[in-house]
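Here are the chains, one letter per residue:
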Amino acid sequence: MADLVLELAETVAGVGVKTSYGETVDLDGTKVVPVALGYYGFGAGSGSDAGGDQAGGGGGGGLSIPLGAYVGRGGDVRFEPNLIGLLLVATPLIWVTGKALKAVIRALKH
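Source: prediction; values computed, not measured.

### Remarks on the sheet that holds strand E4 (residues 76-81)
Picture the strands of a sheet paired through backbone hydrogen bonds; they go either parallel or antiparallel.
Alright, step 1. Pairing is antiparallel in the open sheet, where 4 strands are placed in the order E1-E2-E3-E4. At either end of the open sheet lies a strand with only one pairing partner, and these are strand E1 (25-27) and E4. Geometrically, the sheet is characterised by an average inter-axis angle of 25° between neighbouring strands, direction not taken into account.
Alright, step 2. Both strand E2 (residues 30-48) and strand E3 (residues 54-73) contribute to a ladder of 19 bridges, which runs antiparallel. Bridge pairing in E3 places glycine 41 opposite glycine 61.
Alright, step 3. Across the face of the sheet, helix H3 (residues 83-109) comes into contact with E2, E3 and E4 while running at roughly 130° to E3.

Put into structure tokens, the structure is as follows:
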């Protein structure tokens, strides 16, 4: 089982950036390094019933969100964001922060 986990880890190691953008590119002295957020989940199970019949199964999935790219030219490096990707990542954080602030304000009023 440990070998399966290691094989899965090797398979998806760089999939986030590679799936969203591709490899690092050098264009006329300008180097573009893509940045992406990727996460994955896998599950599996097996079992048997009272009659001794065995069954098993598994599955997995993942998501990759392109966040932007680092662009380097002549020693100057800057981050060029993908605004839609950043909004996708920031929305849950803002929602949780709003819920927490609401709870804190409600607690301070009492």
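### Here we look at the confidence of the model for the chain
Alright, step 1. Considering every residue of the chain, the mean pLDDT works out to 83; 91% of them sit at 70 or more.
Alright, step 2. No element of the chain has a lower mean pLDDT than helix H2 (residues 15-20), at 66, and none a higher one than H3, at 91.

### Digging into a nonpolar patch on the surface
Alright, step 1. A cluster of nonpolar residues, Val33, Tyr70, Val77, Phe79, Leu83 and Leu86, forms a patch on the protein surface that exposes about 520 Å² of accessible area.
Alright, step 2. Residue placement: phenylalanine 79 occurs in strand E4.

### As for H3
In an α-helix, one full turn covers 3.6 residues, which means residues spaced three or four apart are oriented alike.
Alright, step 1. The end-to-end C-alpha distance of H3, which contains 27 residues, comes to 37 Å, matching closely the 39 Å that a straight helix rising 1.5 Å per residue would cover.
Alright, step 2. Of all the bends in H3, the greatest reaches close to 35° and is centred on alanine 90; the proline proline 92 follows between one and four positions later.

### Section: a positive patch on the surface
Alright, step 1. Side chains of Lys99, Lys102, Arg106 and Lys109 sit close together on the surface and give a patch of like positive charge.
Alright, step 2. Structurally, lysine 99 can be placed in helix H3.
Alright, step 3. For lysine 99, a relative accessible area of 44% puts it in the partly exposed group.

So, how was this worked out
Residues numbered from 1 in each chain as written. Predicted model: local features only at pLDDT ≥ 70, side-chain atom pairs only at ≥ 80, totals over all residues. Heavy atoms only, no water. Pairing = 2+ DSSP bridges. Helix = DSSP H or I, 4+ residues; strand = E, 2+ residues; numbered from the N terminus. Axes fitted to C-alpha atoms, helices over the stretch in contact; angles between N-to-C directions. Contact = heavy atoms within 4.5 Å. pLDDT = per-residue confidence, 0-100. Patch = residues over 30% accessible without salt bridge, like charges linked within 9 Å, V, L, I, M, F, W, Y side chains within 5 Å. Areas by Shrake-Rupley, 256 points an atom, 1.4 Å probe, with all protein chains shown as cover. Salt bridge = Lys/Arg side-chain N within 4 Å of Asp/Glu carboxyl O. Expected span 1.5 Å × (residues − 1). Bend = angle between axes of the 7 residues up to and from the residue. Lys, Arg positive; Asp, Glu negative; His and termini not counted. Charge placed at Lys NZ, Arg CZ, Asp CG, Glu CD. Buried < 20%, exposed > 50% of the residue type's maximum accessible area, 1.4 Å probe, protein only.

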